[in-house]
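Chain by chain, the residues run as shown.
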Amino acid sequence: MKTLILLALAGLGAQLVDGSLGMAYGVTSTTLLLAFGTNPAAASATVHLAEIGTTLASGVAHWRFGNVDWRVVGRIGIPGAVGAFAGATVLSSLSTDVAKPVMALILLGLGLYVLGRFTFLGLPAGNLGKPLRRRFLSPLGVVAGFLDATGGGGWGPVGTPAILASGRLEPRKVIGSIDTSEFLVAVAASLGFLLGLGSEGVDYTWAGALLVGGLIAAPIAAWLVRHVPPRILGSAVGGLIVLTNIRTLLRSDWVGAGDTAQWAVYGVVYAAWAGALAYAFREHRRTLAAADGAATAEDTAGARTADAAPTAERPAGVGTAGERTPDAAPTA
């Protein structure tokens, strides 16, 4: 029961992050399942099965808040489903001893990407309104879908920053469209795992716990996407993913580090993570201050322009009420 409660809370937290950033549900949930000692293929299969429900709920919520571009959903979602099915088939054929460190490496790379991207760059925007071409979205969907199935996550960490970097779609619609199209990826990956592993390869109880937490968080996250500071949240999540998967690699047969070496590495990671969070918070405050300063300067300039506007000349001999003045009175 404690495990199920932890999984439900993890699903809730992961979906809050995913719905706000367009990434990290699969990476966060799969990392947790691997920490529990789950088979890598079974962990990814369990997460993707839960994602069928969470991505559907998240997509509906984002659609209701106007965060979805359906052209982007179709152009990236269908190729993503193809890549996810292929990735699930590949992962199902790997042995556990090989798959676990391989998945940890993929997740570590994605975690470093998320951490660096949001800490130092935030959410870039520019070239808004320009169309996103199919020749860009289709290959992106195949690669992101394949990594998502093999790494237990990757659709958001690959797709969201790539589209944001193009600057052609506003951030909230990037996040909403990625979250909505992930439904197709989750369905295709689940089918691939069921064909490769069979029904016994999935822990339906754990998937249900993740699903419950995700369903609660989905509408909240769709609303929070307009208010949460993504730079700080992305930095926090990226650091957590890096730390957890470094732990998996250090304890694997590939590395086999001793306790002293492990804690030394953990200390370095914790220090770097704390520095990244401090930097992200400072840059977020600086961005807000710059925006406030620009708005104040614009208001001041507008007020000066209004004060300097010329007044209409008053005809000689006419008062403020349009009456003749004494100077203009006729003489006898």
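Calculation notes
Residues numbered from 1 in each chain as written. Predicted model: local features only at pLDDT ≥ 70, side-chain atom pairs only at ≥ 80, totals over all residues. Heavy atoms only, no water. Helix = DSSP H or I, 4+ residues; strand = E, 2+ residues; numbered from the N terminus. Buried < 20%, exposed > 50% of the residue type's maximum accessible area, 1.4 Å probe, protein only. Contact = heavy atoms within 4.5 Å. Areas by Shrake-Rupley, 256 points an atom, 1.4 Å probe, with all protein chains shown as cover. Core = buried A, V, L, I, M, F, W, Y, C linked by side-chain atoms within 4.5 Å. Expected span 1.5 Å × (residues − 1). Bend = angle between axes of the 7 residues up to and from the residue. Salt bridge = Lys/Arg side-chain N within 4 Å of Asp/Glu carboxyl O. Axes fitted to C-alpha atoms, helices over the stretch in contact; angles between N-to-C directions. Parallel < 35°, antiparallel > 145°, perpendicular 65-115°, else oblique. Left-handed = near helix turned anticlockwise from the far one by under 90°. Nonpolar A, V, L, I, M, F, W, Y, C, P; charged D, E, K, R; others polar. Polar contact = N/O pair within 3.5 Å; in protein donor to acceptor, adjacent residues only side chain to side chain. pLDDT = per-residue confidence, 0-100. Phe/Tyr/Trp six-rings, centres within 6.5 Å; stacked < 30°, edge-to-face > 60°. Patch = residues over 30% accessible without salt bridge, like charges linked within 9 Å, V, L, I, M, F, W, Y side chains within 5 Å.

Asks: Honestly, the overall build of the chain in this entry has me stumped. Any pointers?
Replies: A tally of helices and strands in the chain yields eleven helices and zero strands. Traced from its N-terminal end to its C-terminal end, the chain shows the element sequence α-α-α-α-α-α-α-α-α-α-α. Classification of the 332 residues of the chain by burial places 45% in the buried group. The contacts in the chain between residues at least 6 apart in sequence include a share of 84% that link residues at least 24 apart. In the structure as shown, the chain presents an accessible area of about 16100 Å², 65% of it carried by carbon and sulfur atoms.

Asks: So what exactly am I meant to see when it comes to the side chain of Ser138 here?
Replies: Here Ser138 is to be found in helix α6 (residues 134–151). When near neighbours in sequence (up to four residues on either side) are disregarded, Ser138 contacts Arg75 and Pro79.

Asks: Explanation requested: the nonpolar core in the structure shown.
Replies: One recurring pattern in soluble globular proteins is that nonpolar side chains are buried together. Counting 38 residues, the largest nonpolar core has Val72, Ile76 and Ile163 as the members making the most contacts within it. Counting residues in hydrophobic clusters, the runner-up holds ten residues, among them Leu243, Ile246, Leu250 and Val269.

Asks: In this structure, what is going on with helix α3 (residues 40–64)? I would like to understand it.
Replies: Given 3.6 residues per helical turn, the α-helix brings residues three or four places apart onto the same face. Along its 25 residues, α3 runs 35 Å from first to last C-alpha, staying within 8% of the 36 Å computed at 1.5 Å per residue. Taken as a whole, α3 carries its principal kink of about 35° at Glu51. Two residues or fewer past α3, Gly66 is found with a positive phi of approximately 75°.

Asks: Looking at this model, I keep getting lost on the pattern of salt bridges. Mind explaining?
Replies: A side chain of one charge can pair with a side chain of the opposite charge when the charged atoms of the two come close. Under the counting rule described, the total for this entry stands at three salt bridges. In this structure, Asp69 and Arg71 form a salt bridge, with 3.8 Å as the shortest nitrogen-oxygen distance. Between Glu283 and Arg282 there is a salt bridge, and its shortest N-O distance comes to 3.9 Å. In this structure, a network of salt bridges that share partners links the residues Arg282, Glu283 and Arg286.

Asks: Even after reading the chapter, I still don't get the environment of Val27, so can you show me in this structure?
Replies: Position of Val27 relative to the elements: it lies in helix α2 (residues 25–35). Using a relative accessible area of 2% as the deciding quantity, one classes Val27 as buried. Separated by 13 residues in the primary sequence, Val27 and Ala14 have C-alpha atoms spaced 8.7 Å apart.

Asks: What should I look at first to understand the packing of α3 against helix α8 (residues 171–197) in this one?
Replies: Two quantities define a packed helix pair, namely the angle between the helix axes and the distance between the axes. For the pair α3 and α8, interaxial distance at closest approach is 7 Å and the crossing angle is 150°. It follows that α3 is roughly antiparallel to α8 by the angle criterion. The two elements α3 and α8 cross, and the hand of that crossing is left-handed. Of the residues that constitute the contact of α3 with α8, the class distribution is 13 nonpolar, nine polar and three charged.

Asks: Quick question: what am I supposed to make of helix α4 (residues 70–92) here?
Replies: The end-to-end C-alpha separation of α4 is 32 Å, in line with the 33 Å expected for 23 residues at 1.5 Å each. Its axis deflected by about 25° at Gly77, α4 carries its strongest bend there, up to four residues before the proline Pro79. Where α4 starts, the residue carrying a side-chain oxygen 3.1 Å from the main-chain nitrogen of Arg71 turns out to be Asp69.

Asks: Would you mind going over the confidence of the model for the chain with me for this structure?
Replies: Caution applies to low-pLDDT parts of the model: their predicted coordinates are not meant to be read in detail. The predicted model of the chain averages 76 in pLDDT, with 76% of residues at 70 or higher. The lowest-confidence element of the chain is helix α1 (residues 2–21), averaging 70 in pLDDT; the highest-confidence one is α4, averaging 89. Throughout residues 320–332 the model reports pLDDT below 50, and contacts reaching past four residues in sequence, or to other chains, amount to eight contacts.

Asks: Would you take a moment to explain the packing of aromatic side chains for this structure?
Replies: Aromatic ring pairs are defined here through the distance separating the ring centres and the angle between the ring planes. Summed over the entire model, instances satisfying the criterion amount to two aromatic pairs. A centroid spacing of 5.4 Å and a plane angle of 45° characterise the contact between Phe120 and Tyr279, whose relative ring orientation is tilted. Linking Phe120 in helix α5 (residues 96–121) with Tyr279 in helix α11 (residues 259–307), this pair joins segments that are 159 residues apart in sequence. Residue Phe120 is classed as exposed on the basis of its relative accessible area, which comes to 53%. Seen in terms of ring centroids, Trp263 and Tyr266 are 5.3 Å apart; in terms of plane orientation they differ by 90°. Their pairing is edge-to-face. Of this pair, Trp263 and Tyr266 both sit in helix α11, three residues apart, which is roughly one turn of that helix. Take Trp263: its relative accessible area is 60%, and that puts it in the exposed class.

Asks: How do you make sense of a nonpolar patch on the surface when you look at a structure like this?
Replies: Nonpolar side chains collect at one region of the surface, where Phe85, Leu191, Leu194, Leu195 and Tyr204 lie side by side and expose about 510 Å² of accessible area between them. The element contributing the most residues to the nonpolar patch is α8, with three residues. Within the fold, Leu195 resides in helix α8. Taking the relative accessible area as the measure of exposure, Leu195 reaches 69% and is therefore exposed.

Asks: Just checking my understanding: could you explain the packing of α2 against α3 for this structure?
Replies: Taken N-terminus to C-terminus, the directions of α2 and α3 make an angle of 140°; their axes are 9 Å apart at the nearest point. Viewed along their axes, α2 and α3 adopt a mutual orientation that is oblique. α3 is crossed by α2, and the crossing has right-handed handedness. Of α3, the residues touching α2 (which contributes Tyr25, Gly26, Ser29, Thr30, Leu33 and Leu34) are Pro40, Ala43, Thr46, Val47, Ala50, Glu51 and Thr54. Among the residues forming the contact of α2 with α3, the class breakdown is seven nonpolar, five polar and one charged.

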